[in-house]
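Notes for the structure review
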Amino acid sequence: GIQVEQSPPDLILQEGANSTLRCNFSDSVNNLQWFHQNPWGQLINLFYIPSGTKQNGRLSATTVATERYSLLYISSSQTTDSGVYFCAVQGGSEKLVFGKGTKLTVNP
Amino acid sequence: DAGVTQSPTHLIKTRGQHVTLRCSPISGHKSVSWYQQVLGQGPQFIFQYYEKEERGRGNFPDRFSARQFPNYSSELNVNALLLGDSALYLCASSPPYRASNEQFFGPGTRLTVL
């Protein structure tokens with residue numbers, strides 16, 4: 001089945017710093033989503049981005065489907081950005097396949 | 001509009017017992033999927049239902065079963081609970097149109113098996 005790798009596994013930043021999270025996937029996809037999981041376990045939709053570039057405030061994402069990777073950019077990070085960021089993809093089946101996540105800690 | 005809702009939020013069971021988890025999708029969504037997330041890992045797909053029919057099944061034993069009701073809500077049942085079934089169980093719904101298969105997740109049910 002399709003494989004998803006996220007990097008880095010852990011990231012520690014000072015408030016105000018910028019960061020880039022990466023997601024590599026092993027096959028063509030028809031769905032790619034980025035999520036932020038808060039400390040209570042809720043998965044919050046950040047982007048639905050099987051291809052192209054999107055921006056939402058301080059966050060933006062780019063998926064290069066032909067090269068099988070996606071990037072999530074966080075600018076001017078805030079302590080509330082802390083948590084685990086997941087990339088998930090959907091290939092030919094109905095299921096979302098998740099990576100192991102990037103744990104982001106933003107210190108004040 | 002309300003998001004995906006799940007009940008209960010927390011549950012404690014003992015080994016060998018049975019558990020039923022419930023999920024209500026976003027209004028207008030006809031597809032419901034279930035995922036299991038153990039500590040430190042990403043969610044793993046268990047089932048997907050669309051229009052009350054099973055559309056996909058992950059690599060889980062037959063102790064896990066699910067169904068979808070005419071109002072598109074869903075139940076996940078787990079029999080003969082094992083310690084390893086302790087996890088966060090997430091439900092997701094997605095819109096009825098194929099142009100977007102974006103999935104939206106509920107807050108989860110945290111199951112502890114003692």
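Now for a quick tour of the structure. This one's a predicted model, so the numbers in the text were calculated from it and none came from an experiment.

Calculation notes
- Residues numbered from 1 in each chain as written.
- Chains lettered and ligands numbered in written order.
- Predicted model: local features only at pLDDT ≥ 70, side-chain atom pairs only at ≥ 80, totals over all residues.
- Heavy atoms only, no water.
- Core = buried A, V, L, I, M, F, W, Y, C linked by side-chain atoms within 4.5 Å.
- Buried < 20%, exposed > 50% of the residue type's maximum accessible area, 1.4 Å probe, protein only.
- Helix = DSSP H or I, 4+ residues; strand = E, 2+ residues; numbered from the N terminus.
- Contact = heavy atoms within 4.5 Å.
- 1 Å grid on protein atoms, 1.4 Å probe; cavity = no way out; pocket = protein on both sides within 12 Å on 5 of 7 lines; lining within 4 Å.
- Points joined across faces, edges and corners; volume = space filled by probe spheres on them.
- Nonpolar A, V, L, I, M, F, W, Y, C, P; charged D, E, K, R; others polar.
- Buried area = accessible area lost by both parts, 1.4 Å probe.
- Salt bridge = Lys/Arg side-chain N within 4 Å of Asp/Glu carboxyl O.
- Polar contact = N/O pair within 3.5 Å; in protein donor to acceptor, adjacent residues only side chain to side chain.
- Phe/Tyr/Trp six-rings, centres within 6.5 Å; stacked < 30°, edge-to-face > 60°.
- Pairing = 2+ DSSP bridges.
- Axes fitted to C-alpha atoms, helices over the stretch in contact; angles between N-to-C directions.

This part is about the nonpolar core. Trp34(A), Leu72(A) and Val89(A) are the most contacted members of the largest nonpolar core, which totals 23 residues. Residue assignment for this core shows that the elements contributing at least two residues are β2 (10-14), β3 (19-25), β4 (31-37), β5 (43-48), β7 (59-64), β8 (69-74), β9 (83-90) and β11 (102-107) of chain A. Not counting residues up to four positions away in its chain, the partners in contact with Leu72(A) are Ser19(A), Thr20(A), Leu21(A), Trp34(A), Leu46(A), Phe47(A), Ser60(A), Ala61(A) and Tyr85(A). Grouped together as the second largest cluster of nonpolar side chains are 22 residues, Leu11(B), Tyr49(B), Tyr89(B) and Val113(B) included.

Take the layout of surface pockets next. Here the largest pocket is characterised by a volume of approximately 470 Å³. Gln37(A), Val84(A), Gln37(B), Leu39(B) and Gly40(B) are the residues nearest the centre of the largest pocket, which is lined by 24 residues in total. Those elements that place two or more of their residues in the lining of the largest pocket are β9 and β11 of chain A together with β9 (87-94) of chain B. Sort the elements by how many residues they give to the lining of the largest pocket and β9(A) lands first, with three residues. Residues belonging to the lining of the largest pocket are distributed by class as follows: nine nonpolar, eleven polar and four charged. Here the second largest pocket defines a volume of roughly 380 Å³. Lining the second largest pocket are 18 residues, and of these Lys95(A), Val97(A), Phe98(A), Pro43(B) and Gln44(B) lie nearest its centre. Put simply, the parts of the chain that give the lining of the second largest pocket at least two residues each are β10 (97-98) of chain A together with β5 (44-50) of chain B.

Looking now at the interface of chain A and chain B. Taken together, the contact between chain A and chain B spans 19 residues of the former and 21 residues of the latter. Summed over both partners, the interface of chain A with chain B buries about 1,600 Å², with 46% contributed by carbon and sulfur atoms. Sorting the residues of chain A by area buried against chain B places Tyr48(A), Glu94(A) and Phe98(A) first, and these three jointly supply 34% of that buried surface. Along the contact surface separating chain A from chain B lie zero salt bridges. Inspection of the region where chain A meets chain B yields ten residue pairs in polar contact (both at pLDDT 80 or more). Within the residue set of the side of chain A that touches chain B, elements represented by two or more residues are β4, β5 and β9 of chain A.

Here the structure, examined in full by the defined rule, presents nine aromatic pairs over all chains. Taken together, a centroid distance of 5.4 Å and an interplanar angle of 55° make the contact between Tyr35(B) and Phe105(B) tilted. Of this pair, Tyr35(B) sits in strand β4 (residues 31-37) while Phe105(B) sits in strand β10 (residues 104-105), placing them 70 residues apart in sequence. Across the pair, Phe105(B) and Tyr35(B) agree in class, each one buried. Each member of the aromatic cluster is reached from another via a ring pair, and the members are Phe35(A), Phe86(A), Phe98(A), Tyr35(B), Phe45(B) and Phe105(B).

So, on to the sheet that holds strand β8 (residues 74-78) of chain B. All names here are of chain B. Reading across the sheet, the four strands line up as β1-β3-β8-β7 and stay open at both edges, with antiparallel pairing between neighbours. The open sheet is flanked by β1 (5-7) and β7 (64-68), the only strands paired with a single partner. In this sheet, adjacent strand axes meet at a mean angle of 15° when their direction is disregarded. With five bridges connecting them, β7 and β8 associate as antiparallel partners. Its bridge partner being in β8, Arg67 is matched across the sheet by Glu75.

All names here are of chain B. Across all of its chains, the model carries seven salt bridges over all chains by this definition. Linking Glu51 and Lys30 is a salt bridge whose minimum nitrogen-to-oxygen distance equals 3.4 Å. Placement of the pair is Glu51 in the loop between β5 and β6 (53-57) and Lys30 in the loop between β3 (19-24) and β4, with a sequence separation of 21 residues. According to the relative accessible area criterion, Lys30 is partly exposed, its value standing at 26%. Put simply, Glu54 and Arg57 hold a salt bridge, and the shortest N to O gap is 3.4 Å. By relative accessible area, which is 41% here, Arg57 ends up partly exposed. Put simply, Arg22, Arg67 and Glu75 are held in one network by salt bridges that share partners.

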